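Chain residues, written in single-letter form:
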Protein chains: 2
Amino acid sequence: MSRRRYYLEDRALDDAVARFEAAIERVGGLHPLDGETVPLAEARDRVTAAPVWAARSVPHYHAAAMDGIAVRAATTAGATESSPLTLALGEQAVWVDTGDPMPPGADAVVMAEHVQVLDDTTVAITAAVAPWQHVRPMGEDIVATELVVPEGVRLRPVDLGAIAAAGHATVSVRRRPRVAIIPTGTELVTPEAAAEREAIGHPVRAGEIIEFNSLILSGMVEEWGGLPTRLPPVPDRQDLLRAVIVSAIDHHDVIVVNAGSSAGAEDYTATVLAELGEVAVHGVAIRPGHPVILGVAGGKPALGLPGYPVSAALTAELFLRPLLYRLLGLTPPPRPEVTATISRKLLSPLGEDEFVRVTLGRVDGRLIATPLARGAGVVMSLVRADGRARIPRFSEGLHAGAEVTVELLRDQAEIESTIVVIGSHDLALDLLASHVRRAGRRLSSANVGSLGGLMALKRRDAHLAGVHLLDEETGEYNASYIRRLLPDEEIVLVHLAYREQGFLVAPGNPLGLSRLRDLARPGVRFVNRQRGSGTRMLLDYQLRLEGIDPSAITGYQREEFTHMAVAAAVQSGAADVGLGISAAARALGLAFIPLFSERYDLAVPRRHWESELLAPLRQILFESAYRSAVESLGGYNVDRMGEEVRV
Amino acid sequence: MSRRRYYLEDRALDDAVARFEAAIERVGGLHPLDGETVPLAEARDRVTAAPVWAARSVPHYHAAAMDGIAVRAATTAGATESSPLTLALGEQAVWVDTGDPMPPGADAVVMAEHVQVLDDTTVAITAAVAPWQHVRPMGEDIVATELVVPEGVRLRPVDLGAIAAAGHATVSVRRRPRVAIIPTGTELVTPEAAAEREAIGHPVRAGEIIEFNSLILSGMVEEWGGLPTRLPPVPDRQDLLRAVIVSAIDHHDVIVVNAGSSAGAEDYTATVLAELGEVAVHGVAIRPGHPVILGVAGGKPALGLPGYPVSAALTAELFLRPLLYRLLGLTPPPRPEVTATISRKLLSPLGEDEFVRVTLGRVDGRLIATPLARGAGVVMSLVRADGRARIPRFSEGLHAGAEVTVELLRDQAEIESTIVVIGSHDLALDLLASHVRRAGRRLSSANVGSLGGLMALKRRDAHLAGVHLLDEETGEYNASYIRRLLPDEEIVLVHLAYREQGFLVAPGNPLGLSRLRDLARPGVRFVNRQRGSGTRMLLDYQLRLEGIDPSAITGYQREEFTHMAVAAAVQSGAADVGLGISAAARALGLAFIPLFSERYDLAVPRRHWESELLAPLRQILFESAYRSAVESLGGYNVDRMGEEVRV
């Protein structure tokens with residue numbers, strides 16, 4: 001019994017786009033949508049469906065451009081400060097304010113400053129004026145019949161103002177493409193339903209998945225000018241999926257089915273789309289996003305996007321975005337690109353265009369691109385991404401230090417204001433990210449462990465590293481490692497916080513564990529962290545201090561790679577206790593028994609520490625707002641925050 | 001009787017900003033607004049009011065990452081293609097689909113491709129797996145309690161997805177700053193009212209002005225994240241203005257009064273704001289935008305913006321934008337900047353920071369900035385602007401060819417795809433702008449007359465020039481001028497259209513004018529165009545051909561500078577007839593009597609003509625869509641469009 005039904009194609013990206021367009025063309029769907037007339041006050045960001053011609057000139061009359069008297073210029077000749085000229089009010093001169101229509105026969109304005117009132121009927125002027133001086137002639141700004149805004153313009157506020165000035169109260173804009181977004185999967189639960197169930201004590205179970213792709217996809221559709229409909233999840237049944245698609249076709253211009261696009265037993269999307277129209281492409285040689293379906297259904301463009309969020313977002317960008325722009329009569333603008341230095345070696349399979357999400361930051365003048373987790377399921381890699389590098393299908397990857405072209409996903413100004421932190425993760429750093437934002441900085445942090453952070457400083461890939469490295473010889477934190485690994489750098493070691501490590505145990509601490517020695521009690525099953533991790537080093541150091549033999553601890557050999565994996569082992573009952581931070585306990589509703597306090601510092605090369613970029617960070621460490629926020633996380637002591645530690 | 005009441009200050013820009021902030025600080029209004037909880041589906045583009053922490057891990061259980069069988073990795077050791085290993089279903093192996101929870105005890109998945117079903121209870125595997133292979137461990141993407149999005153982030157679609165994945169259905173975002181926009185001026189008519197009056201035959205009169213600034217300002221407020229209220233125009237009465245502001249204070253966070261900010265007889269804004277709070281600044285040393293008022297009223301920040309649209313938009317950008325960002329807890333991002341070459345000399349007064357709007361385009365590798373009309377009343381200069389150059393207050397300006405820093409008002413990609421046209425204006429060019437947009441190009445056209453266009457080609461400031469220059473010696477169009485002015489350039493002269501010039505006369509042509517000679521009829525009052533204009537050259541050439549003495553024409557000496565000014569003179573009855581194009585007649589509802597056909601060509605250096613940038617334009621000249629659009633303008637003959645003319 002092979003549970004696979006058929007295999008996907010491996011079409012090259014441009015071939016896939018061409019086939020998709022051809023399929024839409026065959027059903028006559030590749031032209032811009034009709035125009036509709038909307039009031040100007042609702043037209044911002046809409047796209048003009050026709051050129052807008054001026055119906056009126058601006059100004060629509062010759063207007064005074066100054067407060068003063070309107071005159072015929074010829075009558076003012078020779079007037080000066082020393083030989084003023086007398087004019088009869090009403091006949092030769094008429095008072096006007098700025099914006100007033102010029103009286104018949106008048107062709108200039110003498111500024112009020114140059115007018116002296118002699119009596120009720122006479123004024124004297126102390127300056128001559130040239131014809132049309134201080135007059136806004138009719139049509140100076142806009143001439144009736146001239147072009148105000150061409151077709152195919154996304155309307156900005158100033159465009160709306162000009163269209164109103166030119167005599168219109170409405171404007172013809174392209175109808176917004178209506179996009180049905182249909183999540184499929186029996187396991188899906190909407191965020192709203194999950195919150196309701198949580199509130200009544202029936203939280204989402206293992207195997208159930210929160211359906212959040214449709215939020216991402218509909219947000220993207222809105223950004224691109226479309227009108228999304230986020231439909232409820234459809235269970236994995238071919239008849240139901242078919243019925244939902246058929247009904248959506250009537251009221252939408254584009255159909256997007258999310259998931260079920262692969263070739264598994266419960267992947268019905270391709271089958272249903274083929275029944276209702278044509279599957280032009282099934283499988284594109286891209287990573288992530290390979291199992292994408294492109295075709296038409298019921299005469300409308302239809303896409304089956306893969307279920308993993310990163311794949312769904314990327315394939316929407318590659319195939320849905322150009323389509324929506326086309327329906328709006330626009331060419332999708334290319335994203336801005338930068339050249340950056342890649343901080344790590346990046347292998348990529350031949351034969352696939354790979355899109356790698358990266359963070360970006362400028363360190364020592366170089367723009368550094370650090371690849372993010374490449375798993376298609378990692379939604380946080382979308383959140384953290386500053387840009388996207390494309391590794392072409394004929395390349396096997398990039399070596400560290402290579403130059404790479406990166407499409408920007410964030411404003412360049414924001415990237416230039418980024419403080420790059422690499423090292424051990426800590427919640428206090430997460431909080432710091434919020435606080436530096438108020439000062440116009442962005443903190444981008446990559447979690448590669450303390451040693452990884454110091455190595456990043458050595459390679460000049462980061463501004464600072466978060467470190468908590470225990471020297472097992474001396475019990476000293478961080479300083480000895482810095483001396484050893486970065487002998488040539490002047491590093492400022494700044495204390496951030498002490499954080500507690502302790503036992504993660506089942507709620508209520510049923511085995512009554514309270515000290516390190518309890519790990520060796522018979523019947524206590526321990527779960528350990530991997531060798532090299534800070535927590536493991538701390539454990540081994542403390543065991544030696546207390547003279548406890550690791551071989552007396554059941555489970556000492558069982559290694560997990562994260563705080564969370566340890567907590568999960570305890571939660572599932574596979575182990576009774578692990579060593580970790582209190583946040584991991586809180587995350588899974590476990591009890592936490594504090595045992596040790598470990599020092600978490602920031603290691604910062606002095607040239608960065610004293611830079612303008614880090615100035616707000618230096619200050620924040622001494623602000624009570626940040627300190628009390630860290631304290632209220634629980635398990636932190638901030639008394640010595642900001643102190644420089646001797647290296 | 002001086003009609004001025006008092007004079008404005010001349011505060012430097014940074015001083016004005018500081019005084020405004022201090023005034024707001026005094027009423028305790030300079031902190032971010034409260035948070036409010038909104039559903040994720042409505043939270044796009046809102047700004048987080050607090051960090052968002054994960055309430056749930058993603059995945060929240062160990063999940064299969066492949067379709068296949070879940071196993072304990074240790075039991076698979078040694079399995080290969082040539083020596084498969086047999087496993088008991090249920091005990092040692094459990095079928096799982098991607099996303100299924102891992103059964104208790106299992107820690108890896110063998111892909112379906114490596115599984116052969118032997119019978120109902122037994123499978124054979126042809127590959128071994130390592131622990132955690134093909135498994136997504138709990139928390140791989142997001143660990144409960146970790147930071148998903150910091151405070152102060154404008155939420156993007158991917159952020160919404162991640163927040164939902166992390167177990168939330170809502171998010172706390174900053175309340176949008178509510179901004180009351182109060183237009184003042186007895187002369188103001190809303191676009192809606194103007195359209196209604198037009199429909200019933202009572203169009204807007206001379207002296208009345210369409211109120212469109214509030215459309216621009218409220219669109220800007222929306223772009224910056226605020227919630228604008230566009231109030232109806234308030235007549236110039238101090239008591240009314242005061243009442244409207246008092247009532248707006250209750251329901252808004254910021255008050256914006258538009259116009260009445262100067263120091264004229266009917267400028268009440270400063271007086272009223274001073275009564276209701278404090279005027280901190282009245283008059284800033286900037287151009288445009290000098291008469292701006294910054295202060296507080298009823299405990300809320302209050303701004304009095306000048307009435308001219310360019311001044312209103314600029315002062316909103318300088319003073320309102322940073323305030324709104326501040327209320328949202330954000331730092332306003334700097335606009336992207338580019339360095340460009342200024343195409344024309346630019347004088348600027350000492351003592352004022354001047355903001356000059358420019359168009360931008362890349363010609364022969366250089367980014368060229370061409371200054372737009374600098375009048376504060378010219379709303380089209382806002383529409384056409386690609387960027388804004390700041391001439392500092394200690395500078396007297398820039399010489400042509402100088403480098404200047406320009407803040408971008410448009411995407412750089414759009415600027416790089418810009419075809420720069422300088423020369424004589426024509427409606428067919430306006431239409432071309434719409435057609436090239438469909439092909440992903442933008443056409444930026446500056447109207448400086450035919451000769452000005454050829455000079456721009458000489459200076460390499462444009463890609464092409466629109467020209468209609470009659471050689472009065474030969475009757476030939478354009479070619480002789482190009483030979484004379486651009487002897488060293490290989491210019492392709494491409495025919496665009498023949499356009500009709502003729503008499504502009506009152507509706508019904510009451511004097512029955514039909515041929516050039518009629519201008520010399522007694523009692524016919526003519527209005528002429530200025531010397532050097534194409535129309536004047538055409539007239540003089542034709543008069544000579546027909547042997548008509550100009551001195552026989554009444555009004556031959558009366559010169560106007562635009563087609564529209566000629567039409568306006570006829571409309572007002574000041575003249576009976578002028579020579580011009582049919583569009584000018586149509587614009588003012590005049591009759592048009594066609595007399596001559598003049599050739600309008602595009603002059604294009606060959607290196608541009610054959611460039612990738614102009615490729616779509618070359619093609620469009622031969623498309624029937626464009627040709628028939630030009631024809632339907634009326635007064636055009638397009639039979640020879642696209643033909644190259646010998647130079």
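Residues numbered from 1 in each chain as written. Chains lettered and ligands numbered in written order. Predicted model: local features only at pLDDT ≥ 70, side-chain atom pairs only at ≥ 80, totals over all residues. Heavy atoms only, no water.

- The name given to chain A in an unreviewed UniProt entry is Molybdopterin molybdenumtransferase, with the source organism recorded as Roseiflexus castenholzii.
- What UniProt states about chain A under its Pathway (unreviewed entry) heading is, verbatim, "Cofactor biosynthesis; molybdopterin biosynthesis."
- Check the Cofactor (unreviewed entry) section of the UniProt entry for chain A; it says "Mg(2+)". (UniProt positions renumbered as here; feature names shortened; annotations may be inferred.)

**Side note on helix H10 (residues 427–437) of chain A**
Residues and elements named next belong to chain A.
Consideration 1: In terms of burial, H10 is largely enclosed, as 11 of its 11 residues are buried.
Consideration 2: Burial in H10 covers these residues: Leu427, Ala428, Leu429, Asp430, Leu431, Leu432, Ala433, Ser434, His435, Val436 and Arg437.
Consideration 3: Its side-chain oxygen placed 2.7 Å from the backbone nitrogen of Ala428, Asp426 serves as the N-cap of H10. (Buried < 20%, exposed > 50% of the residue type's maximum accessible area, 1.4 Å probe, protein only. Helix = DSSP H or I, 4+ residues; strand = E, 2+ residues; numbered from the N terminus. Polar contact = N/O pair within 3.5 Å; in protein donor to acceptor, adjacent residues only side chain to side chain.)

**Observations regarding the sheet that holds strand E13 (residues 178–183) of chain A**
In a beta sheet, neighbouring strands are held together by backbone hydrogen bonds and run either parallel or antiparallel to one another.
All names here are of chain A.
Consideration 1: In spatial order, the strands read E16-E13-E17-E21-E20-E18; together these six strands make up an open sheet with mixed pairing. The open sheet is flanked by strand E16 (227–230) and strand E18 (277–282), the only strands paired with a single partner. If you compare each strand with its neighbour and ignore which way they point, the axes differ by 20° on average.
Consideration 2: Strand direction decides the pairing type here: E18 and strand E20 (residues 293–297), joined by five bridges, are antiparallel. From the neighbouring strand, Gly277 faces E20, where its bridge partner is Ala297.
Consideration 3: This element, helix H7 (residues 309–327), spans E13, strand E17 (254–258), E20 and strand E21 (300–305) of the sheet and lies at about 170° to E21. (Pairing = 2+ DSSP bridges. Axes fitted to C-alpha atoms, helices over the stretch in contact; angles between N-to-C directions. Contact = heavy atoms within 4.5 Å.)

**Section: the relation of the copies chain B and chain A**
Consideration 1: With an RMSD of 0.2 Å, the operation that places chain B on chain A is a rotation of 180° combined with a shift of 0.0 Å along the axis. When the rotation and shift are considered jointly, the pair of chain copies conforms to a two-fold rotation axis. (Least-squares fit on C-alpha atoms with pLDDT ≥ 70 in both.)

**As for the domain arrangement of chain A**
One frequently used descriptor of interface size is the decrease in accessible area upon assembly of the parts.
Consideration 1: With domains assigned, chain A is organised as domain 1 (13–31 + 177–327), domain 2 (35–58 + 141–174), domain 3 (63–136), domain 4 (337–416) and domain 5 (485–645).
Consideration 2: Each of domain 3 of chain A and domain 5 of chain A has a C-alpha centre, and these two points are 83 Å apart. (Domains from an automatic or database assignment.)

**Things to note about the interface of chain B and chain A**
Consideration 1: On the side of chain A, 104 residues touch chain B, which itself brings 104 residues to the contact.
Consideration 2: Between Arg438 of chain B and Glu151 of chain A there is a salt bridge, with the nearest N and O atoms lying 2.5 Å from each other.
Consideration 3: Our count for the contact surface shared by chain B and chain A stands at 22 residue pairs in polar contact (both at pLDDT 80 or more).
Consideration 4: Element by element, the count of residues in the side of chain B that touches chain A is highest for helix H2 (residues 157–165) of chain B, at eight residues. (Salt bridge = Lys/Arg side-chain N within 4 Å of Asp/Glu carboxyl O.)

**Let's talk about the UniProt feature "domain: MoaB/Mog" (unreviewed entry) in chain A**
Consideration 1: Here the UniProt-annotated "domain: MoaB/Mog" (unreviewed entry) positions come out as residues 180–326 of chain A.
Consideration 2: Taken end to end, residues 180–326 of chain A has its terminal C-alpha atoms 17 Å apart, with 41% of it in helix and 24% in strand.

**As for the pattern of salt bridges**
All names here are of chain A.
Consideration 1: Counting across every chain of the model gives 106 salt bridges over all chains.
Consideration 2: Notably, a salt bridge pairs Glu559 with Arg531, separated by 3.2 Å at the nearest N-O pair. Note that Glu559 is positioned in strand E34 (residues 559–560) and Arg531 in the loop between strand E33 (526–529) and helix H13 (534–546), a separation of 28 residues in sequence.
Consideration 3: For Glu559, a relative accessible area of 24% corresponds to the partly exposed category.

**With respect to the side chain of Asp540 of chain B**
Consideration 1: Position of Asp540 of chain B relative to the elements: it lies in helix H13 (residues 534–546).
Consideration 2: Among all residues touching Asp540 of chain B, those that are not within four sequence positions of it are Glu472 and Tyr556 of chain B.

**A closer look at the pairing of strand E21 (residues 300–305) of chain B**
Residue and element names in this part refer to chain B.
Consideration 1: Across the six residues that make up E21, a large majority, five, are buried.
Consideration 2: Where strand E17 (residues 254–258) and E21 come together, four bridges link them in parallel fashion. Across the sheet, residue Val257 finds its bridge partner in E21, namely Gly304.
Consideration 3: Bridge analysis of strand E20 (residues 293–297) against E21 gives five bridges, and the strand direction is antiparallel. Looking at E21, one finds that Ile293 is bridged to Gly304.
Consideration 4: Here E20 folds back onto E21 in antiparallel fashion, the turn holding two residues, of which Gly298 has a positive phi close to 55°.

**Some remarks on the packing of helix H1 (residues 13–26) of chain B against helix H7 (residues 309–327) of chain B**
Residues and elements named next belong to chain B.
Consideration 1: Two numbers describe how H1 lies on H7: the axes approach to 11 Å, and their chain directions differ by 40°. Between H1 and H7, the interaxial angle falls into the category oblique. Considering how the two elements wind past one another, H1 and H7 form a crossing that is right-handed. Mapping the contact onto sequence places Leu13, Ala16, Val17, Phe20, Glu21 and Ile24 in H1 and Leu318, Phe319, Leu323 and Arg326 in H7.
Consideration 2: Of the residues contributing to the contact of H1 with H7, the split by class is eight nonpolar, no polar and two charged. (Parallel < 35°, antiparallel > 145°, perpendicular 65-115°, else oblique. Left-handed = near helix turned anticlockwise from the far one by under 90°. Nonpolar A, V, L, I, M, F, W, Y, C, P; charged D, E, K, R; others polar.)

**Observations concerning helix H3 (residues 191–199) of chain B**
All names here are of chain B.
Consideration 1: Three or more residues of H3 are buried, namely Pro191, Ala194 and Arg197. Down the axis of H3, the buried side of the element spans an arc of 125°, and every buried residue falls inside it. Of the exposed residues in H3, the ones pointing more than 90 degrees away from its buried face are Glu196 and Ala199.
Consideration 2: Just downstream of H3, Gly201 is the residue with a positive phi angle, here 80°. (Arc of directions from axis to C-beta.)

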